[in-house]
Amino acid sequence: KICIFWFRRDLRLNDNAGLYRALTSGLKVLPVFIFDTDILDELDDKKDARVHFIWQEVKSIKKTLEEKHGTSLLVKHGSPLKIFKDLVSEFPVAEVFTNRDYEPSAKERDKAVYEFLKSKDIVFKGFKDQVIFDKSEVMKEDGTPYEVFTPYMKKYKSQLKPFYLKSYPVKKYISNFYKCEPFDNISLSDLSFEKSNVEFPDRNFDKETIRSYHENRDFPAKKGTTRLSLHLRFGTISIRKLARLARKENDKFFNELIWRDFYQMILYHFPKSVNEAFKKKYDAIKWENNEEHFKKWCEGKTGYPLVDAGMRELNETDFMHNRVRMVVASFLTKHLLIDWRWGEAYFAVKLLDYDQASNIGGWQWAAGCGVDAAPYFRVFNPELQLKKFDPENEYVKKWVPEWSTPEYPEPIVEHKFARERALSRYKEALS
Ligand code: FAD
């Protein structure tokens, strides 16, 4: 008998909780990765950089396993349930190990796989790996989930013992893989995708960025944030390793990692927030949903330089700085009165670090309808945000070179008018 370790958003061999459990289970471990057609078939862009990134990381893990450990990675392409049906008839599988994923669609997928495996007397085990505290480990005294960040963060820190940040010593048990010849490689074209031109951020970050994070994080022209979001999304860096460093070096940075756990926990407990306002009343807002305005926002042609710079950075690099994400999201929902779900969907297609929990959390926060959101009457002024966070206009000049020339368009809405319209529209919905 053997066991399977199923890689998903944990693409690394070191400090991997589920992999460690599999390797210490007493059974030989067959590692598997599935390019899930239920996800890939939904992607229209055949040069989707995320697929390229995952493919590259999977290939690298496979190579390491083959060259150093006398095993291989079984890479499949299809629907996970169907793949598992084949795998259990091909291999003498007793158990399947994996790391938990809290996205509603992932939970459904895992439930179907679990039911099937159970019918074959095969155990399916999920472990906590992508967060420090699992979905129900930091709860209010009455056992219900927190809906406000600060008390959650305080409880989180008070519960945090070194044990939670310890890495899993996978290396020590690495000889427990199932020994085999290399399995077939899958090329990107086998998956009907192509390489993208996007540059992937380095996972070897500069410690200095973390040390000076609190001073530089809000300035998009500086290299003030780590750009590790892609690696945290796909598990190519361990959250425990980063959290150990964060705790030691910079509390502000540590808090941002806690926001990530917070949104994962929220998504798990409130899966409806994927397409419903967390605060129900906000679903009564009468959005303008002007398609022409939405197009201009997407293309970075609103006539507001900071908004346009952000959208162009996103369109060109698949990344956008956090401060600018807040500004463009506020602009879309408040100035243009366009439903936050439109913006969320646009980010979902474009962002290299797209993560359902953080994206829904960020959008609902900006629209004022989410957990711990800014009050609706606080409307970002995009001109003031520019003065404050890009005082030398460096970021804007980089992405909107024509911004101070006559070619640059007039603002699509006037700030004062837009602000008052948003306030009255929100007020109407909430009354
Ligand atoms: P750093 O500032 O270096 O932070 C380190 C890590 O902490 C990040 O990589 C990320 O994993 C986490 N983090 C930081 N800020 C937040 C936050 N506010 N919420 C949750 N986690 C955070 N982040 C995503 O990873 N995926 C998304 O799809 C996403 N969508 C967003 C949408 C909106 C409208 C907003 C306002 C924010 C969104 N964020 C999202 C959060 C944040 O903007 C990014 O995590 C951050 O910009 C990534 O850059 P970095 O790695 O340099 O971050």
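Residues numbered from 1 in each chain as written. Predicted model: local features only at pLDDT ≥ 70, side-chain atom pairs only at ≥ 80, totals over all residues.

- As annotated in an unreviewed UniProt entry, the protein is Deoxyribodipyrimidine photolyase from Owenweeksia hongkongensis.
- Within the UniProt record for the protein, the comment given under Sequence similarities (unreviewed entry) is "Belongs to the DNA photolyase family." (UniProt positions renumbered as here; feature names shortened; annotations may be inferred.)

**Section: the overall build of the protein**
- Across its full length, the protein carries 19 helices and five strands.
- Its C-alpha atoms give the protein a radius of gyration of 23 Å, near enough to 22 Å, the size a compact globule of 431 residues would have.
- Over its C-alpha atoms, taken along the principal directions, the protein stretches across nearly 70 × 50 × 40 Å.
- Expressed as a percentage of contacts within the protein between residues at least 6 apart in sequence, the contacts between residues at least 24 apart total 78%. (Helix = DSSP H or I, 4+ residues; strand = E, 2+ residues; numbered from the N terminus. Rg over C-alpha atoms; globule rule 2.2 N^0.38 Å. Contact = placed C-beta atoms within 7 Å.)

**Observations concerning the nonpolar core**
- Core analysis: the biggest nonpolar cluster contains 113 residues, and Ile4, Phe5, Val32, Val96, Leu306 and Val328 have the highest contact counts within it.
- The element best represented in this core is helix H11 (residues 251-269), accounting for nine residues.
- The residues contacting valine 328, other than those within four sequence positions of it, are Val307, Gly310 and Met311. (Core = buried A, V, L, I, M, F, W, Y, C linked by C-beta atoms within 7 Å. Buried ≥ 20, exposed ≤ 12 C-beta atoms within 10 Å, placed from the backbone.)

**Digging into the confidence of the model for the protein**
- With 100% of its residues at a pLDDT of 70 or more, the protein has an overall mean of 97.
- Across the interfaces of the predicted complex, the ipTM metric reaches 0.99, alongside a pTM of 0.97. (pLDDT = per-residue confidence, 0-100.)

**Observations regarding the site of the ligand**
- Around the ligand there are 27 residues in total, and Thr225, Thr226, Ser229, Asn359 and Gly362 lie nearest to it.
- A per-class count over the shell around the ligand returns twelve nonpolar, seven polar and eight charged.
- Structurally, the shell around the ligand is a two-domain feature, drawing no fewer than three residues from each of domain 2 (131-166 + 206-269) and domain 3 (274-430). (Near = placed C-beta within 6 Å. Nonpolar A, V, L, I, M, F, W, Y, C, P; charged D, E, K, R; others polar. Domains from an automatic or database assignment.)

**With respect to the pairing of strand E5 (residues 123-127)**
- Pairing between strand E4 (residues 93-99) and E5: five bridges, direction parallel. Paired with phenylalanine 97 across the strands is lysine 125, a residue of E5. (Pairing = 2+ DSSP bridges.)

**Details of the sheet that holds E4**
- Spatial ordering of the open sheet is given by E3-E2-E1-E4-E5, a layout of five strands whose pairing is parallel. Taken across any chain shown, the strands that pair with only one partner, and hence form the sheet edges, are strand E3 (74-78) and E5. Put simply, the sheet's adjacent strands are angled 25° from each other on average, direction ignored.
- As judged from the five bridges shared by strand E1 (residues 2-7) and E4, these two strands associate in the parallel manner. Looking at E4, one finds that tryptophan 6 is bridged to threonine 98. (Axes fitted to C-alpha atoms, helices over the stretch in contact; angles between N-to-C directions.)

**Some remarks on the UniProt feature "site: Electron transfer via tryptophanyl radical" (unreviewed entry) in the protein**
- Sites flagged by UniProt as "site: Electron transfer via tryptophanyl radical" (unreviewed entry) map to Trp287, Trp340 and Trp363.
- Note that tryptophan 340 resides in helix H15 (residues 340-350).
- C-beta crowding within 10 Å serves as the criterion here: with 25 such atoms nearby, tryptophan 340 is assigned to the buried category.
- Contact partners of tryptophan 340, with chain neighbours within four places excluded, come to Thr333, Trp363, Gln364, Ala366 and Ala367.
- Overall, tryptophan 363 belongs to the buried group, with 25 C-beta atoms counted inside 10 Å.
- Every residue in contact with tryptophan 363, bar those within four places of it in the chain, is listed here: Ala329, Trp340, Gly343 and Glu344.

**What to know about unusual backbone geometry**
- Backbone geometry places aspartate 121, a non-glycine residue, at a positive phi of 60°.
- Assignment of secondary structure puts aspartate 121 in the loop between helix H5 (104-119) and E5.
- Aspartate 121 gets classed as exposed once you count the C-beta atoms within 10 Å, which come to 7.
- Even without a glycine there, the phi angle at serine 192 is positive, about 65°.
- Here serine 192 lies in the loop between helix H6 (149-159) and helix H7 (207-211).

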